[in-house]
Amino acid sequence: MSTKLRPFLDAIEINHGQKIDIGRFFLNLSESARQLGISWHMGRDFDRMAEVNRMHQDTWEPLSPIYDPELSDINPDNVIYIEGQAGGDPVVTLILRRYDWPTSTLREEWESGRLAYRDPGTQMGPHEKWIADAPIAAEISGRVVFAGGLWCHPSFRRKRLPVLTIAMMRSISLAVWKPDFTIGMVERGPLTRTLLPLYGNPAVQGGMQIIGAWRTFDCNLIWETPDILIRHIRNHSMHANQPE
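Here the structure is a predicted model, which is why all the values come from computation and not from measurement.

Asker: Could you give me a rundown of the overall build of the protein chain, with the residues and numbers involved?
Answerer: Counting secondary structure elements, the protein chain contains eight helices and 10 strands. Across the 244 residues that make up the protein chain, the buried fraction comes to 52%. For the protein chain, contacts bridging at least 24 residues in sequence account for 73% of all contacts bridging at least 6. In the structure as shown, the protein chain presents an accessible area of about 11,500 Å², 48% of it carried by carbon and sulfur atoms.

Asker: Outline the sheet that holds strand S10 (residues 217–224), listing residues and values.
Answerer: Pairing is mixed across the open sheet formed by eight strands, whose spatial order is S3-S4-S5-S7-S8-S10-S9-S6. The open sheet terminates on both sides in strands that have one partner only, identified here as strand S3 (39–43) and strand S6 (129–132). Between one strand and the next, the sheet's axes are offset by a mean angle of 25°, whatever the strand orientation. In the sheet, strand S4 (residues 79–86) pairs with strand S5 (residues 89–101) via eight bridges, with the strands oriented antiparallel. Note that in S5 the partner of glutamine 85 across the bridge is proline 90.

Asker: Explain the environment of proline 69 to me, using residue names and the numbers behind them.
Answerer: Structurally, proline 69 can be placed in the loop between helix H3 (47–55) and S4. Proline 69 sits 48 residues away from tyrosine 117 along the chain, and the two C-alpha atoms are 9.3 Å apart. Apart from the residues within four sequence positions on either side, proline 69 is in contact with Phe46, Asp47, Ile74 and Arg118.

Asker: Please provide a residue-by-residue account of helix H2 (residues 22–35), values included.
Answerer: In an α-helix, one turn spans 3.6 residues, which is why side chains three or four residues apart end up on the same side. With 14 residues, H2 extends 20 Å between its outermost C-alpha atoms, agreeing within 8% with the 20 Å of an ideal straight helix rising 1.5 Å per residue. Looking one or two places after H2, you find glycine 37, whose phi comes out positive at around 85°.

Asker: So what about unusual backbone geometry? Which residues, and what values?
Answerer: Not every positive phi belongs to a glycine, and lysine 178 is a case in point at roughly 45°. In this structure, lysine 178 sits in the loop between helix H6 (161–177) and strand S8 (181–187).

Asker: Kindly report on the nonpolar core, identifying the contributing residues and their values.
Answerer: Membership of the largest hydrophobic core comes to 36 residues, with the highest contact counts inside it found for Leu106, Trp110, Ile140, Ile183, Met208 and Leu221. With four residues, S10 is the single largest residue contributor to this core. Filtering out sequence-adjacent residues up to four positions away, tryptophan 110 remains in contact with Leu115, Trp130, Ile131, Ala132, Met185, Met208, Gln209, Ile210 and Cys219. Among the nonpolar cores identified, the runner-up in size contains 35 residues, and Met42, Leu96, Val186 and Leu229 belong to it.

Asker: How would you sum up the pairing of S5? Please name residues and give values.
Answerer: In terms of burial, S5 is largely enclosed, as 11 of its 13 residues are buried. Between S4 and S5, which follow one another and run antiparallel, lie two residues, and glycine 87 among them has a positive phi close to 60°. Two strands pair when backbone bridges link them, and S5 and strand S7 (residues 142–152) are joined in this way by nine bridges, in the antiparallel orientation. The residue of S7 that forms the bridge with arginine 97 is phenylalanine 146.

Asker: Can you lay out the environment of valine 144 for me, pointing to particular residues and giving the numbers?
Answerer: Along the chain, the position of valine 144 falls in strand S7. The exposure class of valine 144 is buried, given its relative accessible area of 0%. Separated by 34 residues in the primary sequence, valine 144 and lysine 178 place their C-alpha atoms 9.1 Å from one another. Once residues lying within four places of it in the same chain are set aside, the contact partners of valine 144 are Arg97, Arg98, Tyr99, Trp101, Phe181 and Ile183.

Asker: Please give an account of H3 that cites residues and values.
Answerer: The complete set of buried residues in H3 reads Arg48, Met49, Val52 and Asn53. Seen end-on, H3 carries its buried residues on one side only, within an arc spanning 140°. Looking at the packing, one finds that the buried side of H3 touches S4, S5 and S7.

Calculation rules
- Residues numbered from 1 in each chain as written.
- Predicted model: local features only at pLDDT ≥ 70, side-chain atom pairs only at ≥ 80, totals over all residues.
- Heavy atoms only, no water.
- Helix = DSSP H or I, 4+ residues; strand = E, 2+ residues; numbered from the N terminus.
- Buried < 20%, exposed > 50% of the residue type's maximum accessible area, 1.4 Å probe, protein only.
- Contact = heavy atoms within 4.5 Å.
- Areas by Shrake-Rupley, 256 points an atom, 1.4 Å probe, with all protein chains shown as cover.
- Pairing = 2+ DSSP bridges.
- Axes fitted to C-alpha atoms, helices over the stretch in contact; angles between N-to-C directions.
- Expected span 1.5 Å × (residues − 1).
- Core = buried A, V, L, I, M, F, W, Y, C linked by side-chain atoms within 4.5 Å.
- Arc of directions from axis to C-beta.

Here's what the structure looks like:
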């Protein structure tokens, strides 16, 4: 897994109405993490997340087939893996996966199983069903970045590290892929109210379900457009120690 940030910083400044310095925001995030004893490691080696997941099954559910290259079309061209380490050990992870849906929508890709499977007809279980009842799912299309695989070691969950990781997601998504939408899934339940502020209180709709697969999953869909991503960065880029 690459530990060099330079390839990401080379493309970090973009235009959207007016120029914004995402690079400075990115470096502020790195400094804030360093003050917590965290170093960022990023690259295209998505197999690393599966390894970390296996190491921490006591605090992390098994990964979705979305991240399994034997089942999915995940590959180094459509993935960026982010890992925060403390003393050389992983303490936070996130994976960004790019989808290109010029003539399709999240609802179509989700309900067909194509979001996760290369060949849903042969790879989905006989009783497996993906349901996308969130109204916005029918409008999300184009270049879409799915942010998933967010895990934080319990000893770091109250130290703002998840917040810094989500802010990192915003800067990298814009700099590398300039998506039409970024999306994520937050499992419904008692932790929902705790988790949504970590994401910066994005727009949210319920109605996304997976039944009869590797696990039953009832979740809220969260999403942001480029304008919202840029607003987060512009509003907070001047606060080096408080990027979110």
